[in-house]
Number of protein chains: 2
Amino acid sequence: MKKVYRVDLGDRAYDIHIEPGCLNQIGQALREAVPEAGRCLVVTNETIAPLYLDQVTASLEQTGWICFHCILPDGECFKTLDTWSKILDAMMDARLARNEPALALGGGVIGDMAGFAAACYRRGIPYVQIPTTLLAQVDSSVGGKTAVNHPHGKNMIGAFYQPRLVWIDPRVLKTLEPREVRAGLAEVIKYGAIWDRRFFDWLQDVMPRALALDEEVASQMILSSCRYKAEIVMADETERGQRALLNLGHTFGHAIEALTGYRRYLHGEAVGLGMRMAARLSEQKGFAPAGCEDAILRLLRAAGLPTEIPFFSFRDWMDAMGHDKKNIGTLVRFVLMHDIGHAFICEDVQANEIERLIASFHA
Amino acid sequence: MKKVYRVDLGDRAYDIHIEPGCLNQIGQALREAVPEAGRCLVVTNETIAPLYLDQVTASLEQTGWICFHCILPDGECFKTLDTWSKILDAMMDARLARNEPALALGGGVIGDMAGFAAACYRRGIPYVQIPTTLLAQVDSSVGGKTAVNHPHGKNMIGAFYQPRLVWIDPRVLKTLEPREVRAGLAEVIKYGAIWDRRFFDWLQDVMPRALALDEEVASQMILSSCRYKAEIVMADETERGQRALLNLGHTFGHAIEALTGYRRYLHGEAVGLGMRMAARLSEQKGFAPAGCEDAILRLLRAAGLPTEIPFFSFRDWMDAMGHDKKNIGTLVRFVLMHDIGHAFICEDVQANEIERLIASFHA
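Every value quoted in this text rests on a predicted model; they were computed, and no experiment measured them. (Residues numbered from 1 in each chain as written. Chains lettered and ligands numbered in written order. Predicted model: local features only at pLDDT ≥ 70, side-chain atom pairs only at ≥ 80, totals over all residues. Heavy atoms only, no water.)

Colleague: Which parts of the structure should I look at to understand the overall build of chain A?
Modeller: Counting its secondary structure elements, chain A contains 13 helices and 11 strands. Compactness check: chain A gives a C-alpha radius of gyration of 20 Å against a globular reference of 21 Å for 363 residues, within 12% of the reference. Seen through its C-alpha atoms, chain A measures out along the principal axes to roughly 65 × 45 × 35 Å. Counted over contacts in chain A with a minimum sequence separation of 6, partners at least 24 positions apart contribute 75%. Roughly 14,300 Å² of accessible area belongs to chain A as shown, and the carbon and sulfur atoms make up 48% of that amount. For chain A, the centre of its 39 positive side-chain charges and the centre of its 45 negative side-chain charges are spaced 2 Å apart. (Helix = DSSP H or I, 4+ residues; strand = E, 2+ residues; numbered from the N terminus. Rg over C-alpha atoms; globule rule 2.2 N^0.38 Å. Contact = heavy atoms within 4.5 Å. Areas by Shrake-Rupley, 256 points an atom, 1.4 Å probe, with all protein chains shown as cover. Lys, Arg positive; Asp, Glu negative; His and termini not counted. Charge placed at Lys NZ, Arg CZ, Asp CG, Glu CD.)

Colleague: Looking at this structure, I do not really get the side chain of A:Lys190. What am I missing?
Modeller: Residue and element names in this part refer to chain A. Checked against the element boundaries, Lys190 lands in helix H6 (residues 178-195). Judged by its relative accessible area of 2%, Lys190 falls in the buried class. Aside from chain neighbours lying at most four places away, what touches Lys190 is Leu246, Leu248, His250, Val271 and Met275. (Buried < 20%, exposed > 50% of the residue type's maximum accessible area, 1.4 Å probe, protein only.)

Colleague: What should I look at first to understand the relation of the copies chain A and chain B in this one?
Modeller: A rotation about some axis, followed by a shift along it, carries one copy of the chain onto the other. Each copy superposes on the other: chain A lies on chain B with an RMSD of 0.0 Å after a rotation of 180 degrees and an axial shift of 0.0 Å. In symmetry terms, the pair is related by a two-fold rotation axis. Interface overlap between copies is the fraction of interface residues in one copy that are interface residues in the other; for chain A against chain B it reaches 100%, indicating a shared surface. (Least-squares fit on C-alpha atoms with pLDDT ≥ 70 in both.)

Colleague: How do you make sense of the packing of aromatic side chains when you look at a structure like this?
Modeller: How two aromatic rings sit relative to each other is set out by the distance from centre to centre and by the angle between their planes. All names here are of chain B. One pass over the full model with this rule turns up 19 aromatic pairs over all chains. Geometrically, the ring pair formed by Phe252 and Trp317 is edge-to-face, given 6.3 Å between the ring centres and 80 degrees between the ring planes. In this pair, Phe252 sits in helix H9 (residues 250-259) while Trp317 sits in helix H12 (residues 314-320), placing the two residues 65 residues apart along the sequence. Judged by its relative accessible area of 1%, Trp317 falls in the buried class. (Phe/Tyr/Trp six-rings, centres within 6.5 Å; stacked < 30°, edge-to-face > 60°.)

Colleague: When you look at the environment of A:Ala230 in this model, what are you seeing that I'm missing?
Modeller: Residues and elements named next belong to chain A. Inspection of the secondary structure puts Ala230 in helix H8 (residues 215-235). The class of Ala230 is buried, set by a relative accessible area of 0%. Excluding residues that lie within four positions of it along the chain, Ala230 makes contacts with Tyr5, Val7 and Val142.

Colleague: Is there a simple way to think about the sheet that holds strand E5 (residues 102-106) of chain A in this case?
Modeller: One key point about sheets: their strands pair by backbone hydrogen bonds, in either a parallel or an antiparallel sense. Residues and elements named next belong to chain A. Across the sheet, 7 strands lie side by side as E1-E2-E9-E6-E5-E3-E4; this open sheet has mixed pairing. Two strands in the sheet have a free side with no partner beyond their single neighbour: strand E1 (3-7) and strand E4 (66-72). Strand after strand, the sheet turns through a mean of 15 degrees between neighbouring axes, direction not considered. The pairing of strand E3 (residues 39-45) with E4 spans 7 bridges and is parallel. When the bridges of E4 are listed, Val42 appears paired with His69. Together, E3, E4 and E5 form the strand contacts of helix H3 (residues 81-93), whose direction differs from that of E4 by roughly 160 degrees. Running over the sheet, H8 touches E1, strand E2 (14-18) and strand E9 (165-168) and is turned about 5 degrees from E1. (Pairing = 2+ DSSP bridges. Axes fitted to C-alpha atoms, helices over the stretch in contact; angles between N-to-C directions.)

Colleague: Help me understand the environment of B:Ala290, please; the structure alone is not making it clear to me.
Modeller: Residue placement: B:Ala290 occurs in the loop between helix H10 (267-284) and helix H11 (292-302). Note: C-alpha distance between B:Ala290 and B:Pro50 (240 residues apart in sequence) is 49 Å.

Colleague: Would you mind going over H11(B) with me for this structure?
Modeller: Residue pairs three or four apart in sequence face the same way in an α-helix, which turns once every 3.6 residues. Residue and element names in this part refer to chain B. Those residues of H11 that fall on the buried side of the exposure criterion are Cys292, Glu293, Ala295, Ile296, Leu297, Leu299 and Leu300. Those residues of H11 hidden inside the fold are in contact with helix H6 (178-195), helix H7 (197-211), H10, strand E10 (334-339) and helix H13 (351-361). Phi turns positive, to about 75 degrees, at Gly304, one or two residues after H11.

As structure tokens, then:
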């Protein structure tokens, strides 16, 4: 059931390897990905360490690696320069050479921080993503965006830095909270909504098996998601144009997260709600045919994701979406849809259209 | 007397502009280098700010820039993650967009830190080097190496990140301590020793005018130095091979700095001593003809640089050069010379040869 997808970025090309149970084979894979290195640092968190660190370490040591660990506290609130500098300290303590890799074993927070540390330590050492959440497996581990948060903004400090290998074991998802699995599915749905109607329809069919983490369905779903993400990244590595399509649902979603203090919704849940809003706005502006929002709604429900848009005032919405007060008429860029599978970037959304949209959810 | 050299790194190409008095023209130059941006952040230190910040700000504001400042304490001891994060805070406070530049107005410490902050803020914004020391003008402002120090190692955390423009006004050197000018000249001499015998001989001829900061000689000397550095960087941007030639004199020089607690010698002074040692070692190993060390010595003296090798025990030397105790026989790579103007990388230097070398200076 092994699936391999090669991200073709010239001299920074790398493989995404997806295989149930492959966590036990990371040692040999690392040897092939980073020949000539002898030591490595595994960066993980306090939740993942008791579950999978022994297994990863055993595989590494069996293949001759000298293995160091850096175990960080778990949570987005620790995605800071301060925690990141602890990874650099661990790299210094391990005396990693410029060709010796770091491994990010965890979700998006660990991947983003360990990747950014790898980008900066000695001006760049190899790193490998071993994502353990569905969100990280289908999204953040691919694309080379690494970062930490600043008190005044998410992901404001970071680097574009590609991993040497992405090693995905769908079996590890079985220890994930079901709510986290559902939130990850929102990002999977997003790829279908942006890019591929057939994939979107396939998801509707297989959703019960996806929720049960059927290994065949999960592997296929992860592979397709990584492929869509990688295709966009290859076309636009440093996010100057088309990569913005990946933000479907994110303008509204980020606003919902911010307006609820990042406590009520998981990121994927908020993105699901944001996609519903983007679909309705696309219909209201006459870009998408009727039924576009309904299709999104039906799939979100099948995935057990929230679908009710919470109520906030128009002013709150506008503030949370970073609306510049000097620039009353036009808003920033939105990702809208011509149809399921056909997202596009729209620079022409007026404030009164947003007002009408949010009113329509609470009529 | 304007001189422009283009560093050809494909889509990261940039100009090095050298002209006495050009500090007053930075506003217009920045407008051409970074069109469409409206705001910028000038990063400088407490020594440089009273001398040149008003002048730079005036030029920027006259050409329509909205200009923010970040003034840091002066000195290598502040080249830390902590100071660097202050630059990021200033970028956040100024709300710089992804296309809005940072300017590094100062010596190597400011250039390295501001460049590294520009590399990481929003995963990379443009930056411009305005080096104010001779060392920065002939060395650190060119090549795209940015970094801060870690408590356990110099320049251990950083990025390869190219500036959008290097803007050099040799006239600012007149406010530099004469000892700093001489230390900068050591790096200029280094380029001749590595790469170009004619340039080396020309330096011997013009040294009195160089020390007097004659604008014609200074401009020519800076241009040539930047060109040598850029040629090596273009051939080896991320330092895998030939770029190591630039470390002529540095293995011994770093050891001398470390063994004297970074207090007795300026970096350039230590590099000058290191070049003398590398030249003698090259003669002793039969690579270079007799007279190679003497030529170095004569030019160092003309530049008013120290030439006496300080005394330390053999063990201190070896420890300071990072000699791995498990690896008794062979040392790390040295840059040696076949002759003035012909440096090469030598992987075959034995501990007993180092012992003989240092003994020969204190016989």
